[in-house]
Amino acid sequence: MQSVFAGKVRTHAITLAEASKLRRAFLSDIRHRSFEVLAVTGPHYRRAERLIELHGVSQRLRTLDALQLAVALGLRQRALLDYFVASDKALCTIAATEGLPVVNAELP
């Protein structure tokens, strides 16, 4: 989330003050358990590596994106995922290829 907020400031979509306010709200949501924070485990890293091997030769799949996708795929296996949300077209495409229901946050 820090990277998302920084990117929005960098592209002048929001001000630094707005980013700080959003960061505080996000951290408050975590403290109040609006989101469940999960640890990234060994199986996630191995799955991310396989995803990069499979998709990285034909599409841009960055390491952290592959980890995010690996965690989402694990959550789907446990029936704990409704949607995979991202604002990266390549990542959304790969997630859809992997069978995840995708919401591209950049699209209306």
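Since the model is a prediction, treat every value here as computed from it, not as a measurement.

Conventions adopted
- Residues numbered from 1 in each chain as written.
- Predicted model: local features only at pLDDT ≥ 70, side-chain atom pairs only at ≥ 80, totals over all residues.
- Heavy atoms only, no water.
- Helix = DSSP H or I, 4+ residues; strand = E, 2+ residues; numbered from the N terminus.
- Buried < 20%, exposed > 50% of the residue type's maximum accessible area, 1.4 Å probe, protein only.
- Salt bridge = Lys/Arg side-chain N within 4 Å of Asp/Glu carboxyl O.
- Patch = residues over 30% accessible without salt bridge, like charges linked within 9 Å, V, L, I, M, F, W, Y side chains within 5 Å.
- Areas by Shrake-Rupley, 256 points an atom, 1.4 Å probe, with all protein chains shown as cover.
- Expected span 1.5 Å × (residues − 1).
- Arc of directions from axis to C-beta.
- Contact = heavy atoms within 4.5 Å.

A.B. asks: So, the overall build of the protein chain: which residues are in play, and what are the values?
C.D. replies: When you go through the protein chain residue by residue, the secondary structure sums to 5 helices and 2 strands. Secondary structure elements in the protein chain, listed N-terminal to C-terminal, are α-α-α-α-β-α-β. The dimensions of the protein chain, computed from C-alpha atoms along their principal axes, are 40 × 30 × 25 Å. The proportion of buried residues among the 108 residues of the protein chain is 28%.

A.B. asks: Account for the pattern of salt bridges, naming residues and giving values.
C.D. replies: In this structure the tally under the stated criterion is 4 salt bridges. Ionic pairing is found between Asp65 and Arg62, a salt bridge with its closest N-O pair at 2.9 Å. A salt bridge links Arg62 to Asp88; its shortest N-O distance comes to 2.8 Å. Taken together, the residues Arg62 in the loop between helix 3 (42-55) and helix 4 (63-77) and Asp88 in the loop between strand 1 (84-86) and helix 5 (89-97) connect sequence positions 26 residues apart. The class of Arg62 is partly exposed, set by a relative accessible area of 43%. On the basis of relative accessible area, Asp88 is assigned to the buried category, the value being 12%. Within this structure, Arg60, Arg62, Asp65 and Asp88 form a network of salt bridges that share partners.

A.B. asks: Give me the lowdown on a nonpolar patch on the surface, citing residues and values where you can.
C.D. replies: On the surface, a nonpolar cluster with roughly 290 Å² of combined accessible area is contributed by Tyr83, Val85 and Val103. You can see Val85 is positioned in strand 1.

A.B. asks: Requested: an account of helix 3, with residues and values cited.
C.D. replies: Every α-helix winds through 3.6 residues per turn, so residues three or four apart in the chain are directed the same way. Helix length check: helix 3 (14 residues) gives 20 Å between terminal C-alpha atoms against 20 Å at 1.5 Å per residue, within 8%. Three or more residues of helix 3 are buried, namely His44, Ala48, Leu51 and His55. Each buried residue of helix 3 lies within a common arc of 60° when the element is viewed along its axis, so the set occupies one face. Exposed and oriented more than 90 degrees from the buried face of helix 3 are Arg50 and Glu53. Elements that come into contact with the buried residues of helix 3 comprise helix 4 and helix 5.

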